[in-house]
Amino acid sequence: MTVSGAGSPEPRPVVPGLPHPRRLHPFPPQASSVEQLRKEGNELFKCGDYEGALTAYTQALGLGATPQDQAILHRNRAACHLKLEDYDKAETEASKAIEKDGGDVKALYRRSQALEKLGRLDQAVLDLQRCVSLEPKNKVFQEALRNIGGQIQEKVRYMSSTDAKVEQMFQILLDPQEKGTEKKQKASQNLVVLAREDAGAEKIFRSNGVQLLQCLLDTGEADLMLAALRTLVGICSEHQSRTVATLSVLGTRRVVSILGVENQAVSLAACHLLHVMFDALKEGVKKGFRGKEGAIIVDPARELKVLISNLLELLTEVGVSGQGRDNALTLLIKVVPRKSVKDPNNSLTLWVIDQGLKKILEVGGSVQDPPGELTVTANSRMSASILLSKLFDDLKCDAERENFHRLCENYIKSWFEGHGLAGKLRAIQTVSCLLQGPCDAGNRALELSGVMESVIALCASEQEEEQLVAVEALIHAAGKAKRASFITANGVSLLKDLYKHSEKDSIRIRALVGLCKLGSAGGTDFSMKQFAEGSTLKLAKQCRKWLCNDQIDAGTRRWAVEGLAYLTFDADVKEEFVEDEAALKALVQLSRSEERSVLFAVASALVNCTNSYDYEEPDPKMVELAKYAKQHVPEQHPKSAEAPLLSCLPPQDKPSFVRARVKKLLAAGVVSAMTCMVKTESPVLTNSCRELLSRVFLALVEEVEDRGTVVAQGGGKALLPLALEGTDVGQTKAAQALAKLTITSNPEMTFPGERIYEVVRPLVSLLHLNCSGLQNFEALMALTNLAGISERLRQKILKEKAVPMIEGYMFEEHEMIRRAATECMCNLAMSKEVQDLFEAKGNDRLKLLVLYSGEDDELLRQAAAGGLAMLTSMRPSLCSRIPQVTTHWLEILQALLLSPNQELQHRGAVVVLNMVEASREIASTLIESEVLEILSVLAKGKESPITRAAAACLEKAVEYGLIKLNQDGD
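Residues numbered from 1 in each chain as written. Predicted model: local features only at pLDDT ≥ 70, side-chain atom pairs only at ≥ 80, totals over all residues. Heavy atoms only, no water.

The protein chain carries the name Protein unc-45 homolog A in an unreviewed UniProt entry, which gives Diceros bicornis minor as its organism. Looking at the protein chain in UniProt, the text filed under Subunit (unreviewed entry) is "Interacts with PGR isoforms A and B as well as with NR3C1 in the absence of ligand, and with HSP90AB1. Binding to HSP90AB1 involves 2 UNC45A monomers per HSP90AB1 dimer." (UniProt positions renumbered as here; feature names shortened; annotations may be inferred.)

Right under this line is the structure:
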């Protein structure tokens, strides 16, 4: 059975291998005339399928429509775009209609609506005036003209009232006599607030504001510079012309140079401003004053390159603060690589590689201690690695990647050869940077003549700085498959020697991490272990000891976390780690510190402790085949003798142990630590790191009783950004965790304020066909809860186009998914738009609810009957259609009324009451059946909503004259 008009995608089969019939579009494609396609589009529009209507109108335009028909089709397309809230396209389509027919009053009105939404009120009023002149008696046009006239007057009053305020604020800020006063502080705050509104930003811009803000920047006072930068953010936000004008006045070099100041707050504010400028130049204008754009913009691409060129110059400029250098790297990470691989243009990445790769490598090859020529922070090299990785991943072909390799190798050779020991150290440090980023390039660099040999030799140096560089390079190289055998043969004994005999903790801890990395090379495959049983426990114990030693600086202690990230593959290590309260506390504190490079290691250790990585049991037949072919097969852990065949999980990794570890992690405050990690602005919080955090959150909310703790520690707030940004897997895991929280807690408390509306999109994403049946089910349950809260939330769900997918799951073979979808639709039925879908002609939505009300699944019946009760109450016209959808309708209603389940009885009684009140004819059909006897019995029962509904039905039947009261008044 299909729902004609539902327009939902093909549902995913719940049972693998079980075919599922494809649901057909309500209007199958066929050869049609312009008139047929236009009518088809009109029907789709009435049903709320605006995308489908657009398609139909577009097909009609392609069939050689007459100019008059073209005008109609274009204005209809404008109406679709208005409904889809794409106001730019709505304006374009309406303008095309007006070009064909200048007197098309509907097109003029729709263009005025689009222009109003775009903030171009002066143009919108002209169209409305034309509408009124064409149809002077049309009250809709008159009312719209009055409304827009009021908006224009309000805007004029606002603009005029701010003139004097802007001038006064700048006078206070630039008055040397007002230095440090409360008056000056208030003026700066007011200026920033004013610039946040587009009209205020335009007023400041037109009042010579950029030149005056330049004067504030020139004062060198941190407070005034912050006020100026934040005001400039408002001026430039989403506005190309103002951005170009601002850069012209201030000078691109001047704006970029502010990044390099020592004051961190000023540097961050400058970073934010530059990011806004990049976005404005890339995306163009999205709001007001668009008409004047073309006269100012010459070549945004050129402005982008000038900005990026200055950022690249800043990377290697002497005197720039380490924080400023990090901010420049962060900006390049955000703005240079493509946002999506679907975008074919990676020319900006290629240009940056040609112009600035050597500069990025120079930062990556610099050392923090002792300070070199370039000032860097503990996070600089990691930021450079991430940028290099992003650039490499953005390359599209082998020729581009080969050019990247060549430039990297030439740079490393230039330092390795002819610059003595200092040059070799810089070259090795650069190789480390590449190994942490684009590891393919790092592997190639390790293959260069003499590099690996120099690393091994320098590990034995007596100079701590040289040893640090060499040992770190060895650690990063240890995980790379190409060099694994060489490092195992030459590095293990060397690292053991350094660990046992070095007098410096900084060297010993790094050597220990190298041993940890090599010791965990096989992951959970016991046959790949490098060390004897029990060695990993000893290494982990030493890592925990260093982690808890707060006398060691955070930069060194983070290496202890790196070691634990590798060692916690071992189940025994996990158990000992979560039992060590001091170590857990130290881990939580370190994750909140300014040492951002520790984030990935912390997240990795938590994923291991919670077993939240993906694991699939190998197919026994494939294993036997692999053995026969003499291929490597992972071996079972000796402690797992009683586990299922080939399970790599030792007893300590069984679900009961994992649950116990989760509770200890929650008690240690790991959720609040992860919340702080999510908030960080550092590029170290990569998409991979986000995915790890999402996995941990999902493991933490697995048990219902733990979800309150997660919410109390800020987990709900932290999950939202994880569900909206990152890898596809990470977003899905975070969305599923949000679904679990929404199902079992009060969403209004879990996601207070506006945050509750942000939850809808991640939940809808779980309805897609590539998600698992469990994810579909939990998303439907969560959306059911949200849909029952408020009309605004229901509108948000509708806006995310969830209804077609929910309808699709009402056909699922899995009873729980089918039931959850029906319950969700029942709550959505409170919205007018959904009621319109059920009332529209030519669909079977109502039929499906009626039939589901007679199913064996009691909970499904309850959901469907609830939807029927809601719809027949809100839309009485549906009552007359129930007898038409199926011949079994009367049997279904009687079964509801006779059900021992009072919930079902109540729903059935309400549906019957709605039908009796809707029409005398329907009431007559019901009363002539056994329904009369059932209602009579129900009406005599104990006082309840069921008896009241039954009595009301009988009273209405008496009113119609279908039955009479007997002598007893019954």
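Engineer: Looking at this structure, how should I read helix α20 (residues 398–416)?
Structural biologist: A turn of α-helix holds 3.6 residues, and therefore any two residues three or four places apart point the same way. Here α20 contains 19 residues, and its C-alpha end-to-end distance of 26 Å stays within 8% of the 27 Å for a straight helix at 1.5 Å per residue. Within α20 the residues assigned to the buried category are Glu400, Phe404, His405, Leu407, Cys408, Glu409, Tyr411, Ile412 and Phe416. Of the surrounding secondary structure, the elements contacted by the buried residues of α20 are α18 (347–364), α19 (380–393), α21 (420–436), α22 (439–446) and α23 (451–458). (Helix = DSSP H or I, 4+ residues; strand = E, 2+ residues; numbered from the N terminus. Expected span 1.5 Å × (residues − 1). Buried < 20%, exposed > 50% of the residue type's maximum accessible area, 1.4 Å probe, protein only. Contact = heavy atoms within 4.5 Å.)

Engineer: Explanation requested: unusual backbone geometry in the structure shown.
Structural biologist: Glycine aside, residues mostly have negative phi angles, and peptide bonds mostly take the trans form. Despite not being glycine, Asn611 shows a phi value in the positive range, around 50°. By secondary structure assignment, the location of Asn611 is in the loop between α31 (599–610) and α32 (620–628). A positive phi is found at Lys801, a non-glycine position, where the angle reads about 60°. Inspection of the secondary structure assignment puts Lys801 in the loop between α43 (791–799) and α44 (803–809).

Engineer: What am I meant to see in the side chain of Lys740 here?
Structural biologist: Following the sequence through the fold, Lys740 ends up in helix α38 (residues 728–744). Classification of Lys740 by relative accessible area gives buried; the value is 4%. Here Glu778 takes part through its side chain, which lies 2.7 Å from a polar atom of the side chain of Lys740. (Polar contact = N/O pair within 3.5 Å; in protein donor to acceptor, adjacent residues only side chain to side chain.)

Engineer: Please clarify how the packing of aromatic side chains should be interpreted in this entry.
Structural biologist: Aromatic ring pairs are described here by two measures, namely the spacing of the ring centres and the angle between the planes. This structure, assessed with the given rule, holds four aromatic pairs. Residues Tyr109 and Phe141 carry aromatic rings whose centres are separated by 5.2 Å and whose planes lie at 45° to one another, so their mutual orientation is tilted. Taken together, the positions of Tyr109 in helix α5 (residues 105–117) and Phe141 in helix α7 (residues 139–173) put the pair 32 residues apart, joining distant regions of the chain. Positioned over the ring face of Trp559 is Arg558, at 4.3 Å from the centre of the ring. (Phe/Tyr/Trp six-rings, centres within 6.5 Å; stacked < 30°, edge-to-face > 60°. Lys NZ or Arg CZ within 6 Å of the ring centre and 35° of its normal.)

Engineer: Could you clarify how one ought to interpret the pattern of salt bridges in this entry?
Structural biologist: Opposite charge on two side chains lets them pair, provided their charged atoms get close. Tallying each qualifying case throughout the model produces 46 salt bridges. Of the charged contacts in the structure, one is a salt bridge between Arg77 and Glu93, with a shortest N-O distance of 3.1 Å. Residue Arg77 is located in helix α3 (residues 67–83), and its partner Glu93 is located in helix α4 (residues 87–100); the two are separated by 16 residues in the primary sequence. Side by side, Arg77 and Glu93 carry an identical accessibility label, which is buried. One salt bridge in this structure joins Arg111 and Asp127, with 2.8 Å as the shortest N-O distance. Residue Arg111 is found in helix α5, and its partner Asp127 is found in helix α6 (residues 121–134); the two are separated by 16 residues along the sequence. Three or more residues are tied together by salt bridges with common partners; here these are Asp198, Glu202, Arg206 and Arg242. (Salt bridge = Lys/Arg side-chain N within 4 Å of Asp/Glu carboxyl O.)

Engineer: What's the story with the environment of Phe205 in this structure? I'm lost.
Structural biologist: Within the secondary structure layout, Phe205 lies in helix α9 (residues 198–206). You can call Phe205 partly exposed: its relative accessible area is 24%. Not counting residues within four places of it along the chain, the set of residues in contact with Phe205 comprises Val210, Ile235, Arg242 and Ala245.

Engineer: What exactly am I supposed to notice about the environment of Leu913 here?
Structural biologist: Relative to the helices and strands, Leu913 is located in helix α51 (residues 902–918). Using a relative accessible area of 15% as the deciding quantity, one classes Leu913 as buried. Considered as a pair, Leu913 and Ala869 are 44 residues apart in the sequence and their alpha carbons are 9.3 Å apart. Residues within four places of Leu913 in sequence aside, it is in contact with Ala949, Ala952 and Cys953.

Engineer: Can you help me understand α6 in this one?
Structural biologist: Taking 1.5 Å per residue, 14 residues should reach 20 Å; α6 reaches 20 Å between its end C-alpha atoms and fits that length. Buried within α6 are the following residues: Leu121, Ala124, Val125, Asp127, Leu128, Cys131 and Val132. Looking straight down α6, one finds that the buried residues subtend no more than 160° of arc, so they occupy a single side. Relative to its buried face, α6 has exposed residues pointing more than 90 degrees away, namely Asp122 and Leu126. (Arc of directions from axis to C-beta.)

Engineer: Sorry if this is basic, but what is going on with the environment of Lys654 here?
Structural biologist: Mapped onto the fold, Lys654 is located in the loop between α32 and α33 (655–667). By relative accessible area, Lys654 is classed as partly exposed at 23%. A C-alpha to C-alpha distance of 9.4 Å links Lys654 and Asn611, two positions 43 residues apart in sequence.

Engineer: Any chance you could explain the packing of helix α48 (residues 858–874) against α51 here in plain terms?
Structural biologist: Axis angle and axis distance: for two packed helices, these are the angle between their axes and the distance between the axes, and together they describe the pair. Where α48 meets α51, the closest approach of the two axes is 9 Å, and the angle between their N-to-C directions is 25°. Relative to α51, the element α48 is oriented roughly parallel. In this structure, α48 crosses over α51, and the sense of that crossing is left-handed. For the pair formed by α48 and α51, the contact residues are Glu858, Arg861, Gln862, Ala865, Gly866, Leu868, Ala869, Thr872 and Ser873 on the first element and Glu903, Leu904, Arg907, Val910, Val911 and Asn914 on the second. A per-class count over the contact of α48 with α51 returns six nonpolar, five polar and four charged. (Axes fitted to C-alpha atoms, helices over the stretch in contact; angles between N-to-C directions. Parallel < 35°, antiparallel > 145°, perpendicular 65-115°, else oblique. Left-handed = near helix turned anticlockwise from the far one by under 90°. Nonpolar A, V, L, I, M, F, W, Y, C, P; charged D, E, K, R; others polar.)

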